[in-house]
Amino acid sequence: GATMSWVIALTAGVLFAAGVYLILEKLLSRIIVGLGLIAHAANLVLLGSGGRPAAPPIVEEGSTGPFSDPLEQALVLTAIVITFGITAFLLALAFRFWTDQGSDEVEDDIEDRRIALKRDRQ
């Protein structure tokens, strides 16, 4: 019941926090893992929003038996497929970057530093 929803919410919060922390790193491999954690957290939020199992959000007159709304499961399944595709694409880009540069560390953009210095002088 209520305890499970708190556990799901807390787990999703921890996954979001860990994902954001990893995205702010300089290594592409950690960025990709961070995006995966955020995707898992979003899936948990979607599943947690469905309420108790077999408790539909809307029950019409004359309906019998416990029903569950398949919308959350359909959204999560779609999100899993999209996340898989994005992760595969990012891994291919990271591999290409690693073969070209010899490292998966993202370096600072020189142009971005130049613009920041110009802004600080004003």
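In what follows, the accompanying structure is described.

Analysis parameters
Residues numbered from 1 in each chain as written. Predicted model: local features only at pLDDT ≥ 70, side-chain atom pairs only at ≥ 80, totals over all residues. Heavy atoms only, no water. Axes fitted to C-alpha atoms, helices over the stretch in contact; angles between N-to-C directions. Helix = DSSP H or I, 4+ residues; strand = E, 2+ residues; numbered from the N terminus. Parallel < 35°, antiparallel > 145°, perpendicular 65-115°, else oblique. Contact = heavy atoms within 4.5 Å. Nonpolar A, V, L, I, M, F, W, Y, C, P; charged D, E, K, R; others polar. Phe/Tyr/Trp six-rings, centres within 6.5 Å; stacked < 30°, edge-to-face > 60°. Buried < 20%, exposed > 50% of the residue type's maximum accessible area, 1.4 Å probe, protein only.

## A closer look at the packing of helix α2 (residues 28–48) against helix α3 (residues 71–101)
Piece 1. In the contact formed by α2 and α3, the axes pass within 10 Å of each other and the chain directions differ by 175 degrees. The angle between α2 and α3 falls in the class roughly antiparallel. Residue-level inspection shows Leu 28, Ile 32, Leu 35, Ala 39, Asn 43, Leu 46 and Leu 47 of α2 in contact with α3, the latter providing Glu 72, Leu 75, Val 76, Ala 79, Ile 80, Thr 83, Thr 87, Leu 90, Leu 91, Ala 94 and Phe 97.
Piece 2. Classifying every residue of the contact of α2 with α3 by side-chain character gives 14 nonpolar, 3 polar and 1 charged.

## Notes on the packing of aromatic side chains
Piece 1. Under the criterion given, the structure shown has 1 aromatic pair.
Piece 2. Between the aromatic rings of Phe 95 and Trp 98, the centroid separation amounts to 6.2 Å while the plane-to-plane angle is 35 degrees, which identifies the pairing as tilted. Taken together, the positions of Phe 95 and Trp 98, both in helix α3 and 3 residues apart, correspond to about one turn of that helix.
Piece 3. The exposure class of Trp 98 is partly exposed, given its relative accessible area of 46%.

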